[in-house]
Amino acid sequence: MNIDKLDYQSLIIFESISRHLNAGLVANELGISISSVSRHLGILRDIFKDVLFIRRAQGFVLSDKAVQLLPYIKQLLHDYQVIKHNHIHFNPLTAKGHFKIYAYNEFTYVINKVINQQILPQAPNLTFEVRTLSSDCSRAIEHGEIDFAVVYENFKDHKIIHEMLSPTEELFLIAKEGHAVFSEEFTLANLCQYDYFTLDNYNDLNQPLIEQLAKQQGIAVNVVGATDNIAALSRHILDGRAISMSCNVFTREFYSLVKGIQTAPLPRELTEQLLAQINVGRTVGNYLIYSEINQSPTHHWLKQQLFTHLSEEWQLAMGR
């Protein structure tokens, strides 16, 4: 083995192939050509005198030697990133990269706002995809295929790092403007008189918070549907007499712009009773999640920017 030929780019390609098991996906992730991936793979095979990645119809399969080498290569890459992060000056003006950010419906607007008003003026060479999160993407985040996600309570993998942007402190009633519910005291019994359409904020829950609390107190509530899309909820609210509820201040801001829909905060005692139905072993709130894989200075800087400015936007929306 001529270990002197082992370079940083080859290590990156080795680790990327081990995750994707597909040369095309590796090329897309690293922004290089497939022929460049093949060339570095040839260097690696020559150095270690092993095929390393065996071609199959469905993609590569790691050889025994590749399985043995992978932990050491991951450690080398990690140590390199630590040195780079701690000892090389990072300049966002010259930073480059493409980042995928997924978020629940209510957060996509404010993420784009933060990118355009706060991040791009400092780092104009970065590019972004901001997409609505509509399914469990934990494996894609774990593998670094999605860079960041903003979620409520739906992450379980220990390889995913989570940092809370903001706690959930208030719940807001949503109903058609002039709805009878606004002329009554906001008690659980009064709210349960009306059909309830769920805005699914917490994927960890098997049933809406109001339904869980009502069952405990022997009160019936008619849940007529559920959606995770605030535009869809708007139609249901405007077309009928159902009420709904949200924990998200960006949702409240959105509905302040929608003619015919009214919101109002629930009383503190009822809010606390409803939020107490969530028992997930961590503070109820909104989280920025990402993989432990990417330790690049650009990724680290972007993480801090997103965390800081999304938190600030939440506080502004709360009126603080």
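Remember, predicted model here, so these are calculated numbers, not experimental data. (Residues numbered from 1 in each chain as written. Predicted model: local features only at pLDDT ≥ 70, side-chain atom pairs only at ≥ 80, totals over all residues. Heavy atoms only, no water.)

A. Region of interest: the overall build of the protein chain. Secondary structure summary: the protein chain contains twelve helices and twelve strands in total. With the C-alpha coordinates of the protein chain rotated into their principal frame, the extents come out at 80 × 40 × 30 Å. A fraction of 78% describes how many contacts in the protein chain between residues 6 or more apart in sequence connect residues 24 or more apart. Roughly 16100 Å² of accessible area belongs to the protein chain as shown, and the carbon and sulfur atoms make up 50% of that amount. Seen as two clouds, the 27 positive and the 34 negative side-chain charges of the protein chain have centres 8 Å apart. (Helix = DSSP H or I, 4+ residues; strand = E, 2+ residues; numbered from the N terminus. Contact = heavy atoms within 4.5 Å. Areas by Shrake-Rupley, 256 points an atom, 1.4 Å probe, with all protein chains shown as cover. Lys, Arg positive; Asp, Glu negative; His and termini not counted. Charge placed at Lys NZ, Arg CZ, Asp CG, Glu CD.)

B. Region of interest: the layout of surface pockets. Its boundaries defined by the atoms lining it, the largest pocket holds a volume of some 1400 Å³. Lining of the largest pocket is provided by 41 residues; of these, Arg-19, Glu-29, Leu-30, Ile-293 and Asn-294 occupy positions nearest its centre. At seven residues, helix 1 (residues 8-20) tops the list of elements feeding residues into the lining of the largest pocket. The residue makeup of the lining of the largest pocket, split by class, is twelve nonpolar, 17 polar and twelve charged. (1 Å grid on protein atoms, 1.4 Å probe; cavity = no way out; pocket = protein on both sides within 12 Å on 5 of 7 lines; lining within 4 Å. Points joined across faces, edges and corners; volume = space filled by probe spheres on them. Nonpolar A, V, L, I, M, F, W, Y, C, P; charged D, E, K, R; others polar.)

C. Broad picture of the pattern of salt bridges. Counted by the stated rule, this structure contains six salt bridges. With a shortest N-O distance of 3.1 Å, Glu-313 and Lys-113 are connected by a salt bridge. One end of the pair, Glu-313, is in helix 12 (residues 297-317); the other, Lys-113, is in helix 5 (residues 105-119), and 200 residues separate them in sequence. On the basis of relative accessibility, which here comes to 14%, the residue Glu-313 falls in the buried class. Accessibility expressed as a relative area gives 26% for Lys-113, which makes it partly exposed. With a closest N to O distance of 3.0 Å, Arg-131 and Glu-129 form a salt bridge. (Salt bridge = Lys/Arg side-chain N within 4 Å of Asp/Glu carboxyl O. Buried < 20%, exposed > 50% of the residue type's maximum accessible area, 1.4 Å probe, protein only.)

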